[in-house]
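# Fold and geometry: a report
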Number of protein chains: 2
Amino acid sequence: MTTNQLLQKLAKTAPILEASFGLEREGLRVKRDGQLTQSQHPRNLGSRNFHPYIQTDFSEQQLEFITPATTSSKEALRILGAITDVSQRSLEPDEQIWPLSMPPKLEEKDIQIAQLDDEFELNYRHYLAQKYGKKLQAISGIHYNFGLGADLLQQIFEQSQETDFSQFKNQLYLKLARNFLRYRWLFTYLYGAAPLAEAGFLTSDISQPVRSFRNSQLGYVNESDLHFPYTSLEAYITSIENYVQQERLIAEKECYAPVRFRGQKKNRDYLSQGVTYLEFRSFDLNPFEALGINQETLDSVHLLLLALLWLDDSEETVTEDLTQAQQINNQVALSHPLSPLPEQAQAQPLITALDQLIQHFQLDSYYQDLVQQIKRALQDPRETLAGKLLPHIDNQSLQAFGQKQAQVYHDYAWQAPYALKGYEGMELSTQMLLFDVIQKGLSFEILDEEDQFLKLWHKDHIEYVKNGNMTSKDDYVMPLAMANKTVTKKILAAAGFRVPQGAEFSQLGPALAYFSRIKDQAIVVKPKSTNFGLGISIFQEAASYEAYQKALELAFSEDSSVLVEEFIPGTEYRFFILDGKCEAVLLRLAANVQGDGQKTIRELVEQKNANPLRGSDHRSPLEKIQLGPIEQLMLQQQGYQAEDVLEKGVTVYLRGNSNISTGGDSVDVTEDMHPSYKELAAQMAQAMKVWACGVDLIIPDSSLAASKEEPHSTCIELNFNPSMYMHTYCAQGPGQALTPKILAKLFPELEE
Amino acid sequence: MTTNQLLQKLAKTAPILEASFGLEREGLRVKRDGQLTQSQHPRNLGSRNFHPYIQTDFSEQQLEFITPATTSSKEALRILGAITDVSQRSLEPDEQIWPLSMPPKLEEKDIQIAQLDDEFELNYRHYLAQKYGKKLQAISGIHYNFGLGADLLQQIFEQSQETDFSQFKNQLYLKLARNFLRYRWLFTYLYGAAPLAEAGFLTSDISQPVRSFRNSQLGYVNESDLHFPYTSLEAYITSIENYVQQERLIAEKECYAPVRFRGQKKNRDYLSQGVTYLEFRSFDLNPFEALGINQETLDSVHLLLLALLWLDDSEETVTEDLTQAQQINNQVALSHPLSPLPEQAQAQPLITALDQLIQHFQLDSYYQDLVQQIKRALQDPRETLAGKLLPHIDNQSLQAFGQKQAQVYHDYAWQAPYALKGYEGMELSTQMLLFDVIQKGLSFEILDEEDQFLKLWHKDHIEYVKNGNMTSKDDYVMPLAMANKTVTKKILAAAGFRVPQGAEFSQLGPALAYFSRIKDQAIVVKPKSTNFGLGISIFQEAASYEAYQKALELAFSEDSSVLVEEFIPGTEYRFFILDGKCEAVLLRLAANVQGDGQKTIRELVEQKNANPLRGSDHRSPLEKIQLGPIEQLMLQQQGYQAEDVLEKGVTVYLRGNSNISTGGDSVDVTEDMHPSYKELAAQMAQAMKVWACGVDLIIPDSSLAASKEEPHSTCIELNFNPSMYMHTYCAQGPGQALTPKILAKLFPELEE
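About the thresholds
- Residues numbered from 1 in each chain as written.
- Chains lettered and ligands numbered in written order.
- Predicted model: local features only at pLDDT ≥ 70, side-chain atom pairs only at ≥ 80, totals over all residues.
- Heavy atoms only, no water.
- Least-squares fit on C-alpha atoms with pLDDT ≥ 70 in both.
- Contact = heavy atoms within 4.5 Å.
- Pairing = 2+ DSSP bridges.
- Helix = DSSP H or I, 4+ residues; strand = E, 2+ residues; numbered from the N terminus.
- Axes fitted to C-alpha atoms, helices over the stretch in contact; angles between N-to-C directions.
- Buried < 20%, exposed > 50% of the residue type's maximum accessible area, 1.4 Å probe, protein only.
- Domains from an automatic or database assignment.
- Buried area = accessible area lost by both parts, 1.4 Å probe.
- Salt bridge = Lys/Arg side-chain N within 4 Å of Asp/Glu carboxyl O.
- Polar contact = N/O pair within 3.5 Å; in protein donor to acceptor, adjacent residues only side chain to side chain.

### Here's the deal with the relation of the copies chain A and chain B
After a rotation of 180° and a shift along the axis of 0.0 Å, chain A superposes on chain B with an RMSD of 0.1 Å. Look at the turn and shift together and you get a two-fold axis relating the two. An overlap of 100% is found between the interface residues of chain A and their copies at the interface of chain B, pointing to a shared contact surface.

Shown next, in the form of structure tokens:
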């Protein structure tokens, strides 16, 4: 049976769209003026010896972004977005990524061969420079890796009479590769986006814009007398092996066919182990997109590939077909972007296949729209990428357009430096950690996005991380101890640290009876286990019995256990302790504005809220200050209204609590804090044997040196899974990057 | 100022009752017939080289129970209860603990000197046997250790003009010791409970019952010409040191004064380091109490000690006072239990002090009632312990009474062998673990009772345990992975284990769209994170769209994420894995009864519920089977009613689920399960790198050998903090003790 017959036999509900995707995108690093940068590959992008996502291609300046295999095109694009985001923000601030396949104006000498440690790779590049010239190597593009889904393959196989699954699969991929080559001109027509070479790139200039210089015979191709037969996999493999043996090719990978078989290290292994996926290498960078390609193109190509599978393949005429197809493609590539397709380029069979595919598997309107878009583009070349790019050509150059687009994508990457593009739904600390993961070249998988559950690995070393710092480095029971304020206090007190005196109650009666013990002192009444400041009452002077009772009732409404503790006067600081060392100290101030003698309080709030770090719903490191009833009341109690002009130098607070979530300021005081308190806080974490820990100390006078014996401070709480982002992006102070320290401790081998 | 003046100056709200308590109780091991047992100290009670709670006193048969210092008498009694419970259940089933201070009928040769490793202790006992005879050493009693609270001491000290707190404290304890000796006769009168020696104990028999043979000069006392002066601490210490130097005493501890200073290893250290508490040694065992003493006596003694502190002390007449007091005490001790107090025994000053104390500190009715009880006993000797014991004397012997009481306390200890007396409010697994902790001689502190949070230690080695098996042996993140079914499945699948195929949904729409993928197969729809079987729908045959939608809605009502998985037919088993090894396998059966052809279903349920392992509210290893609407409906569906006589051999199920909490049976199949499944489950826990883990496998045919490649089973869930008690006390099967294995892994040094 033909593949078409097999596919027709599949049920409508068969998982026809099931597939694996992987993207590789190249891009040159340029300065703001469009000149190729002469700087080295950024050191902060980890080691190219193993980096799974960010490599350099031919030249030191040519970044290569590689996504892992994903099961959806959306996920592939998301990861490519994150890799691009991380890379852009790892470059020097004045460096950008050139958005076009064809390089900017450059001279041969500007191109530095990538400084790799691997000797073979280095020699290979010198050989290529010699053979093809360095300039051609500066052309960039996107490789679209595509495999059919396991269930889908299985279901197709089951319809066949075949017995050898691996061979069946190889045949399927061979057929797909052949049909792709037959219709390559269509992809060039639709997605070609390399209309010119900047002046000086070619020895003889092309006089008018074309569709895709890169996809033509003038692009980066093998010598024209090299032919790779697609009559069978065996023939294909043997021909390459022969070329290598004849030293026409230095290695199998020098075969630059527009589609390559993938999944094994050596070509011959495809015969025994099977092809796993195909690599389609012909996609030019779409300069209208920050990532060089967009979702619609990915999915349109997916549909087209399925349609190529649906289309019957004439095995007898393969060699002739492909020779002719190559000629057509070359013609289409070198035609003016608005020229019509030549007559030999017959799209109709493929369009029919697309329609049949959509009908048979009842694909939804999204896919129907994609096909409509392809049909429109076939009718009207202005709808093709090259057609859209044409108006931006100025004086046979895209230099200015390229610079403009590069700047837009640069600014986009930097607009929210605390976030990771595509992962904004996750917690900020996890976004920051993922940024570092990608930057340093750890492999990652998000096991549960909502649960912030990550799997990270390097070679055989796996670590799981939840919520940024819940890891294997802490044991199971000590975070549970920290979650219990009474247990925490008992352990700290037993270790000789000062904690608030107090008692725990599970019933109102005994708690009320305790009044006689505390009636002359300042106290705090709080629920035992809430972490958000709810239900807490503070009596800085001795409480009345009635007030005490109300405070207890409030606390019991939040928790079945309530603590009554001595009130400790002083300023509260958060110490972030990692692996026995204090890495950051934070002071939190209640939402406030400072007067300038000219603006009203409302205007001052607006001014402060304009800080890009301020947002809402914990999507930003700081929250916008509100001017709601609570804030208005707070102002009123201080004799102000929102419309009052605030005196110069005067600070008014708009909230009674210092929570960041209600507009408070985070102040990084790591450098200013007396080291003795950092040491003391670190000792507490050590006594608890915890790895990641937030220590809350009340310090009346931080100019006094502290020690365990003379603490001059009291620990009021330990926090498991302490927030990290609030130490990093602060309202004041330099901020401390903590997520890189987490990774360095989890994977010390990366630092070596 | 006198102590009385200082106490009078204290505020009413001063923490007068703040104190530390510690109890030591001796008891002879006897056979059911009252004969001293000749067995060795039980091996399962750990090592006497370090056991903090259970030691042997003079003889191998004389258990000594030692509580740690507690801050309430209630807690001291609770721990004594637990130690007693553990000890009784660690003896041979036919051994009991003799409930009286005076030993049962015995001969000198029956008494084996304790077989201790420590050479000094062994020699010391041989010396005592030589000097005092072994029989006297068989007398048992209770030592009541008492210290004043730190805050209380501080407040009294602050009223004084003194500058040296340690010396002030020593003076206070010296005064209390002196006043105790002055009024010792009162304690003998109230709590004396050693009215006779069994025939053969004395060379010359006493003809009539007395109050306390043990507290008289005939008891176990130092030679009568040894005098320990209480004029000053210095004089007291020097006299003992002199006696030791003269070899009248072999060591300082051979001083058997009824009250001893405590807190330092050597007497002389009290002068520099201070007395920490006093040891009152004069209490006879109360045979009406399983523990030899009760709460009211503990608190009455506490009040009396405070009253002795309140009473002024005449320093000038100490020596005469104490000489006279000793005579009075001897007279009271050797008087008939119903005889009135002699005239020199004036209780009035102490009674007045008690009243004043209660009034000044406004102690509540509980304490007032205790004083009333003391007053009544002073009026009427029948209210004293000796008075109450008198009717039980039969033919100048308490042998029969002692045997009867010993049996009662023995049966009480064994009545709920899964529980630990005094700790029944905690989870069963934690009770079992605490049992083992006490048995093996680990020190423990309950850091949070409601939270099941324990601190365990041996020497410098501390471990924290929550809920029985949440420990430092597991890391932080893997239990969080187990709490997330999707993450668990991904990790297990990545490690090559078979898990159910399926998908996770956070919205109804996509979940409904998934119908096309599952419409022909058996499926389970379940909320992602609930653990209690709520919201789960099982379709053993393909579901209709409507039923599928309903199932989704039900699951979404329990959780924001829902899993749709293939249904795996077979029997579900729970494998308990600890440290990479399968330690137990459990099969759970839905609530059921088996017919005998005679009883009705209702009668069969009652019969089954009579099993002492069945209780309610998770206080017992099994729950009673209900006959409510759900069970009645279930019966009806099978064509039965509760009043039907069930055919012989027929089993009817009264519930659709196999939860133990709804009356299900736990069946221990550890021994019967094919070892390959145990190995497979253990491999899963190892792949997850978890220490304590419950693996739920569905096995269609457990006679087939399993392997990772051919599992013949599917893992449907991993459980962190897996239940332990259900494996131990089962409806069928031998049961597997798991908590001892937890301890052995946490403290391997105990096994050495």
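Picking up where we left off.
### A short note on the sheet that holds strand E12 (residues 523–527) of chain A
All names here are of chain A. One open sheet accounts for four strands, arranged E11-E14-E12-E13; its pairing is antiparallel. The open sheet has two edge strands, strand E11 (502–505) and strand E13 (537–539), and neither has a second partner. The average angle at which neighbouring strand axes cross in this sheet is 15°, direction not considered. As defined by bridge partners, E12 adjoins E13 across three bridges and the pair is classed as antiparallel. Its bridge partner being in E13, Val524 is matched across the sheet by Ile538. Sheet strands touched by helix H18 (residues 485–494): E11, E12 and strand E14 (562–566). Its angle to E14, the strand with the most contacts, is close to 40°.

### Let's talk about the environment of Gly425(B)
All names here are of chain B. Its place among the elements puts Gly425 in the loop between helix H15 (399–414) and helix H16 (428–440). Given a relative accessible area of 59%, Gly425 falls into the exposed group. Spatially, the C-alpha atoms of Gly425 and Leu447 are 15 Å apart, while their sequence positions differ by 22 residues.

### What to know about the domain arrangement of chain A
Residues and elements named next belong to chain A. Each domain of chain A was delimited in the assignment, giving domain 1 (7–201 + 212–413), domain 2 (432–500 + 568–590 + 664–752) and domain 3 (501–566). Inter-centroid distance (C-alpha atoms) of domain 1 to domain 2 is 45 Å. Summed over both partners, the interface of domain 1 with domain 2 comes to about 1,100 Å²; 62% of that surface belongs to carbon and sulfur atoms. Considering only the surface of domain 1 that becomes buried against domain 2, Phe50, Tyr53 and Val86 emerge as the three largest contributors, covering 44% of it. Where domain 1 meets domain 2, there are one salt bridge. One can count seven residue pairs in polar contact (both at pLDDT 80 or more) joining domain 1 with domain 2.

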